[in-house]
Amino acid sequence: MHLQGTMQVNAQGRLTIGGCDVVELAREFGTPLYIFDEDCIRNNCREFYRAFGVKEGLAKVIYAGKAFLTTAMCRIIASEGLGLDVVSGGELYTALAAGFPVENIYFHGNNKSYAELCQALEAGIGRFVVDNFAELELLSRLSTERGQVARVILRVTPGIEAHTHHYIRTGQIDSKFGFTLPNGQAMEAARRLKDLPGIEFKGLHCHIGSQIFELEPYSQAVAVMLELAAAIKEATGLITSELDLGGGFGIYYTAEDHPRPVGAYAETILTRVREEARALNLPQPLVIVEPGRAIIGPAGSTAYTVGTIKEIPGVRKYVAVDGGMADNIRPALYGAKYEAILANKANLPATETVAITGKCCESGDMLIWEADLPRVEAGDILVISCTGAYGYTMSSNYNRLGRPAAVLVREGNADLILKREDYNDLLRNDVVPARLVWTR
Ligand SMILES: Cc1ncc(COP(=O)(O)O)c(C=O)c1O
Ligand SMILES: N[C@@H](CCCC[NH3+])C(=O)O
């Protein structure tokens, strides 16, 4: 397994993260356990901050909270000078509870409710990334009623779809998000917005996909979005002072992934923005990027305890761990691939290829189909790397498994940032109607 962030193998042949022995962490906090490497998170934040020229006023980096959000995470993000992208009342509530600077909160979502818009207006958040006509009108009404002005970015579906190894440009876009560009919806949104009270137009947003390794789709997105900005200026006089290009920057999960340095994305985006703005005679907009995975993905790992092992000669050896699809749905949902290491045998060479499965009642509850490991035995501590993004946030209580605890490690210290859910937590929301009271 490729060692991420501060991972090392110590003199006892054990894996350490943030200077903490993972076998000890498993003993102290139990397994499954999410382990977050604070230095790695901060280094990733700083890399984006530097590469995109935040200090120089060229860009803003907004962390996409959907990848992993807790109050501790909000504090780290804020202390590194990043903003926050939230997509629900729950994420917003978490950010507000953490004391996240409200002016740096961007509110996304294709179906923001009345209550969520009120909550965001009440808090005085920085930007509403408006997704559709109904939201635009409701927001205008609500902000006017409150004597407020909502600062708005319009989310546009630009017709660029990026995937891991290719991108396609489509005329007709099939997406639930945003105002479609090619059919004129985006322009129509700008026209309507212009006449709406309680709304201030700040700019345009697009998000072309996730786990993207190519630079070209970003460059194309800049060109397409700035052409739209020029057309909007021409038709309405509205100036796009902020160009939000979303997230999607790809990371390493396995040796099949070849991520680019953040600087390469930054260089491509900033250069194209400068050139296109000049060519179109537009003021250069502030660039906004919204990395989620690239900030937190490589900084998170999950430690499990190995339980039963089933060998089917000539077929496969199943190694079951004490978690699975409930704490990491990505392999089952997307066929996502990961690497693993045995924390207590970290210096031993791989001698077998095994399948890592969970304990859920599903054949599809697989974490890794082919993991190269030293001989695996019950009781070993198996660590899967790069689970920081969309692991905990997409976790569930399937089979009434409690969600794992999470610790933040740094310089030999481990701090609990999420408590393990116990059986009482699972019962917390259960209600037994009186007619079902046990009478026997
Ligand atoms: C609007 C928007 N911004 C940012 C992100 C974060 O993406 P990623 O975690 O791939 O950087 C997403 C998720 O894909 C998104 O939909
Ligand atoms: N949840 C996805 C990415 C979607 C990001 C949200 N737009 C993943 O785990 O890769």
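Quick caveat, the model's predicted, so the values are computed rather than measured. Numbering of residues begins from 1 in every chain and follows the order in which that chain's sequence is written. Each chain gets a letter, beginning with A, and each ligand a number, beginning with 1, in the order they are written. In keeping with the predicted nature of the model, local features appear solely for residues at pLDDT of at least 70, side-chain atom pairs appear and are counted solely at 80 or more, and the whole-chain, interface and lining totals rest on all residues. Side-chain numbers here rest on the full set of heavy atoms in the structure, without hydrogens or water.

## A closer look at the overall build of the chain
Applicable threshold: Secondary structure elements are defined from DSSP: runs of H or I of at least 4 residues count as helices, runs of E of at least 2 residues count as strands, and each element is numbered from the N terminus. Using a 1.4 Å probe on the protein chains alone, a residue whose accessible area is under 20% of its type maximum counts as buried, one over 50% counts as exposed, and one in between counts as partly exposed. The contact rule is simple, with two residues in contact once any of their heavy atoms fall within 4.5 Å. Accessibility throughout is a Shrake-Rupley quantity obtained with a 1.4 Å probe, and a residue counts as covered only by protein chains that appear here.
Tallying secondary structure elements over the chain gives 12 helices and 23 strands in all. In terms of principal-axis extent, the alpha carbons of the chain reach across some 70 × 60 × 40 Å. Looking at the chain as a whole, 55% of its 440 residues qualify as buried. Considering only intrachain contacts with a sequence separation of at least 6, the fraction spanning at least 24 residues in the chain is 70%. In the structure as shown, the chain presents an accessible area of about 19300 Å², 49% of it carried by carbon and sulfur atoms.

## Considerations on the site of ligand 2
As a reminder, the rule being used: Residues are labelled near a given molecule or strand when at least one of their non-hydrogen atoms is within 4 Å of it. Polar contact criterion, stated in full: a pair of N or O atoms within 3.5 Å, where within protein one must be able to donate a hydrogen and the other to accept it, and residues adjacent in sequence count only if both atoms are side-chain atoms. Residues are grouped as follows: Ala, Val, Leu, Ile, Met, Phe, Trp, Tyr, Cys and Pro are nonpolar; Asp, Glu, Lys and Arg are charged; all remaining types, including Gly, are polar.
In the vicinity of ligand 2, the contacting residues are Lys66, Arg293, Arg330, Tyr334, Tyr390 and Met394. Between ligand 2 and Arg293, the relevant distance is 2.8 Å, taken from an oxygen atom to a side-chain nitrogen or oxygen of the residue. Contacts to ligand 2 include Arg330, whose side-chain N or O atom sits 2.5 Å from an oxygen atom. Considering ligand 2 on its own, with 310 Å² of exposed area, one finds that the protein chains cover 73% of that surface. Class assignment for the residues of the shell around ligand 2 results in three nonpolar, no polar and three charged.

## Thoughts on the packing of aromatic side chains
Rules: A pair of Phe, Tyr and Trp rings is counted when the ring centres sit within 6.5 Å of each other, with Trp represented by its six-membered ring. The angle between the planes then sorts it: under 30 degrees is stacked, over 60 is edge-to-face, the rest tilted.
For the coordinates displayed, the defined rule picks out 11 aromatic pairs. A centroid spacing of 5.0 Å and a plane angle of 10° characterise the contact between Tyr218 and Phe249, whose relative ring orientation is stacked. Separated by 31 residues along the polypeptide, Tyr218 in helix α8 (residues 216-236) and Phe249 in the loop between β14 (242-244) and α9 (262-279) bring together distant segments of the chain. One exposure class covers both Tyr218 and Phe249, and it is buried. Taken together, a centroid distance of 5.3 Å and an interplanar angle of 85° make the contact between Tyr253 and Tyr338 edge-to-face. Of this pair, Tyr253 sits in the loop between β14 and α9 while Tyr338 sits in the loop between α11 (330-334) and β18 (340-342), placing them 85 residues apart in sequence.

## A closer look at the site of ligand 1
Taken together, 15 residues lie near ligand 1, and His207, Ser210, Glu290, Arg293 and Tyr390 sit nearest. Take Gly248: an N or O atom from its main chain is 2.8 Å from an oxygen atom of ligand 1. In the model, an oxygen atom of ligand 1 is placed 2.8 Å from a nitrogen or oxygen of the Arg293 main chain. Coverage of ligand 1 by the protein chains reaches 91% of its 400 Å² of free accessible surface.

## Some words on the UniProt feature "binding site: pyridoxal 5'-phosphate" (unreviewed entry) in the chain
Worth spelling out the cut-off: UniProt positions are given in the numbering used here, feature names are shortened, and annotations may be inferred rather than shown by experiment.
Under the present numbering, the feature "binding site: pyridoxal 5'-phosphate" (unreviewed entry) in UniProt falls on Gly248, Glu290, Pro291, Gly292, Arg293 and Tyr390. Among the structural elements, Glu290 can be located in the loop between β15 (286-289) and α10 (293-296). The contacts of Glu290, once residues within four sequence positions are left out, are Ile62, Ala64, Asp85, His108, His205, Asp244, Gly246 and Gly247. Only 2.6 Å separates the side chain of Glu290 from the side chain of His108, close enough to count as a polar contact. Note on placement: Pro291 falls in the loop between β15 and α10. In this view, Pro291 contacts Phe48, Val61, Ile62, Tyr63, Ala64, Gly247 and Phe249; residues no more than four positions away in its chain are not counted.

## Some thoughts on α8
Definition in use: One less than the number of residues in a helix, times 1.5 Å, gives the span that helix is expected to have.
Look at α8: 30 Å from first C-alpha to last across 21 residues, which is about the 30 Å you get at 1.5 Å a residue. Summarising burial for α8: 15 of the 21 residues are buried, a large majority.

## Overview of the confidence of the model for the chain
Selection criterion: You can read pLDDT as the predictor saying how much it trusts each residue, on a scale of 0 to 100.
In the predicted model, the chain carries a mean pLDDT of 96, and the fraction of residues at 70 or more is 97%. Within the chain, strand β4 (residues 33-37) carries the highest mean pLDDT (99), whereas strand β11 (residues 167-169) carries the lowest (42). Every residue in residues 164-169 is under pLDDT 50, and counting partners more than four places away or in other chains gives 19 contacts. If you check the scores for this complex, the pTM reads 0.96 and the ipTM reads 0.98.

## Quick notes on the pairing of strand β17 (residues 316-321)
The two faces of the sheet receive side chains in turn, since in a regular strand these alternate between them. The line we're drawing: DSSP calls a pair of strands paired once it identifies at least 2 bridges connecting them.
Note: strand β16 (residues 300-312) against β17, five bridges, orientation antiparallel. Pairing of Ile312 across the sheet is with Arg316, part of β17. The hairpin formed by β16 and β17 contains three residues between the paired strands, and Gly314 there has a positive phi angle of roughly 80°. Strand direction decides the pairing type here: β17 and strand β19 (residues 352-357), joined by three bridges, are parallel. What sits directly across from Ala320, in β19, is Thr357.

## A closer look at the state of the cysteines
Which entries qualify depends on this criterion: Whenever a pair of cysteine sulfur atoms sits within 2.5 Å, that pair is classed as a disulfide.
Enumeration according to the criterion identifies zero disulfides in this entry. Of the cysteine sulfurs around Cys40, a residue in no disulfide, the closest is that of Cys386, at 8.4 Å. Take Cys40: its relative accessible area is 6%, and that puts it in the buried class.

## Points about the packing of helix α5 (residues 114-123) against helix α6 (residues 133-145)
Between two packed helices, the angle of one axis relative to the other and the distance separating the axes together describe the packing. Quick note on the threshold: Each axis is a line fitted through C-alpha atoms, and for a helix only the stretch in contact is used; angles between axes span 0 to 180 degrees, taken between their N-to-C directions. Any angle between 65 and 115 degrees counts as roughly perpendicular, while under 35 counts as roughly parallel, over 145 as roughly antiparallel, and the rest as oblique. Handedness of each helix crossing follows the sense of rotation of the near helix against the far helix: counterclockwise by less than a right angle gives left-handed, clockwise gives right-handed.
Remark: α5 packs on α6, axes separated minimally by 10 Å, with the N-to-C direction vectors making an angle of 50°. The orientation of α5 with respect to α6, classified from their angle, is oblique. The way α5 lies across α6 gives a crossing that is right-handed. For the pair α5 and α6, contact is made by Tyr114, Leu117, Cys118 and Leu121 and by Glu135, Leu138, Leu139, Arg141, Leu142 and Ser143, respectively. Among the residues making up the contact of α5 with α6, the classes are represented as seven nonpolar, one polar and two charged.

## Some thoughts on the sheet that holds strand β2 (residues 15-17)
Within the open sheet, the three strands sit side by side as β1-β2-β3. Their pairing is antiparallel. With partners counted over all chains shown, the strands left at the sheet margins are β1 (8-9) and β3 (20-21), one partner each. Both β2 and β3 contribute to a ladder of two bridges, which runs antiparallel. Within β3, the residue paired with Ile17 across the bridge is Cys20.

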